Amino acid sequence: MTIGGPLTWRSDVAELLAGAGVIDVDVDDAVADEHVRSPAYRRVVSVTAASRSRDRDREVVATILRDPVEMVSKTAVVELVDRIAMKVTGPAEFRRWSAGLLPEIGRLRAEGYRDFIRRRMDDWLFYLSVKDGHVSTPAELAKVTDWMQRVLATESTSPAVLALLAESGSTKKIQNIAKDRAGSRGPGMR
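None of these values were measured; they are calculated from a predicted model.

Calculation rules
Counting starts from 1 at the beginning of each chain's written sequence and moves along it residue by residue. Since the coordinates come from a predicted model, pLDDT governs what is reported: local features require at least 70, and pairs of side-chain atoms require 80 or more to be given and counted, while whole-chain, interface and lining totals use all residues. The side-chain numbers reported here are obtained from all heavy atoms of the structure, hydrogens and water having been left aside. A cavity, in this analysis, means grid points on a 1 Å lattice covering only the protein atoms where a 1.4 Å probe fits yet has no way out; a pocket is instead an open set bounded by protein on both sides within 12 Å along at least five of seven lines, and a residue lines either one if it has an atom within 4 Å of a point. Grid points are joined across faces, edges and corners, and a volume is the space filled by probe spheres set on the points. Counting from the N terminus, the helices are DSSP H or I runs at least four residues long and the strands are E runs at least two residues long. The classification used treats Ala, Val, Leu, Ile, Met, Phe, Trp, Tyr, Cys and Pro as nonpolar, Asp, Glu, Lys and Arg as charged, and all other residues, Gly among them, as polar. Whether two residues are in contact is decided by their heavy atoms: any pair within 4.5 Å suffices. One speaks of a salt bridge when a side-chain nitrogen belonging to Lys or Arg is within 4 Å of a carboxyl oxygen belonging to Asp or Glu. When accessible area is computed with a 1.4 Å probe and restricted to protein chains, residues below 20% of their type maximum are described as buried, those above 50% as exposed, and intermediate ones as partly exposed. Here the axes come from fitting lines to C-alpha atoms, over the contacting stretch only for helices, and the angles between their N-to-C directions go from 0 to 180 degrees. When describing relative orientation, an angle under 35 degrees is termed roughly parallel and one over 145 degrees roughly antiparallel, while 65 to 115 degrees is termed roughly perpendicular and anything else oblique. The handedness criterion is simple: a crossing whose near helix is rotated anticlockwise from the far helix by less than a right angle is left-handed, and one whose near helix is rotated clockwise is right-handed.

Some thoughts on the layout of surface pockets
Part 1: What the largest pocket holds in volume is close to 310 Å³.
Part 2: What lines the largest pocket is a set of 15 residues, among which Val 130, Lys 131, Ser 156, Thr 157 and Ser 158 lie closest to the centre.
Part 3: Elements with a contribution of two residues or more to the lining of the largest pocket: helix 7 (111-131), helix 9 (146-155) and helix 10 (159-168).
Part 4: Looking at side-chain class alone, the lining of the largest pocket contains seven nonpolar, five polar and three charged residues.
Part 5: In this structure, the second largest pocket occupies an estimated 220 Å³ of space.
Part 6: In terms of residue count, helix 7 provides more of the lining of the second largest pocket than any other element does, six residues in total.

Structure, rendered in structure tokens:
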């Protein structure tokens, strides 16, 4: 896929949709309207994430990130990051996968969007490390977003993680969720 003017952008969108088997979206409508592209991207992301192969992920991300409306592209890429994080076997696999996307993400014009995606990747690395048995410190937890701390407080089954969040969570709400969940687990529950 190449970058260029309107004709190239149209062919990029057409290729992206066709590559994911999204044939019921009019390419010209998608090119002209981000409200058509955005749900089409979600479908592309869904197909891409469901694939056993990660070979096309960087190409898909590169194409989506050329979207003239960076908010639309950022949202689609974050969704792909979230879906892949839930599929990988552990932090090492996710670290390799996300490192392959960083050059593409670096091309976003808006620094805030670049930072948001990178933070999301860092959050998932933390989550996957904890899930893999890493016992984190309060300093490591402090580097994680409130969003990820809430995810951990509501989903973790680890007494050590819940205790850390109850003591060092970034907000009272996170601390209280972790305390409540730690207290309701009872002895011997994992």
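Some words on the environment of Glu 79
Part 1: With respect to the helices, strands and loops of the structure, Glu 79 is situated in helix 5 (residues 70-85).
Part 2: With 97 residues separating them along the chain, Glu 79 and Asn 176 place their C-alpha atoms 28 Å apart.
Part 3: Once you skip the residues sitting within four places of it in the chain, Glu 79 turns out to touch Arg 42 and Val 45.

Looking at the pattern of salt bridges
Part 1: Across all of its chains, the model carries 11 salt bridges by this definition.
Part 2: Close ionic contact of Asp 24 with Arg 43 constitutes a salt bridge, the shortest N to O distance being 2.8 Å. Linking Asp 24 in the loop between helix 1 (6-19) and helix 2 (27-32) with Arg 43 in helix 3 (residues 34-50), this pair joins segments that are 19 residues apart in sequence.
Part 3: Overall, the relative accessible area of 57% leaves Asp 24 in the exposed class.
Part 4: Residue Arg 43 is classed as partly exposed on the basis of its relative accessible area, which comes to 35%.
Part 5: Salt-bridge contacts for Arg 54 lead to Asp 57; the nearest nitrogen and oxygen are separated by 2.5 Å.
Part 6: Asp 57 gets classed as buried once you look at its relative accessible area, which sits at 2%.

Quick look at the packing of helix 9 against helix 10
Part 1: Put simply, helix 9 and helix 10 touch, their axes get as near as 9 Å, and they point 130 degrees apart. The angle between the axes of helix 9 and helix 10 places the two elements in the oblique class. Crossing geometry of helix 9 relative to helix 10 is assigned as left-handed. Each of Gln 149, Leu 152 and Ala 153 in helix 9 lies in contact with helix 10, whose residues at this interface are Val 161, Leu 162, Leu 165 and Ser 168.
Part 2: Here the residues of the contact of helix 9 with helix 10 are counted per class, giving five nonpolar, two polar and no charged.

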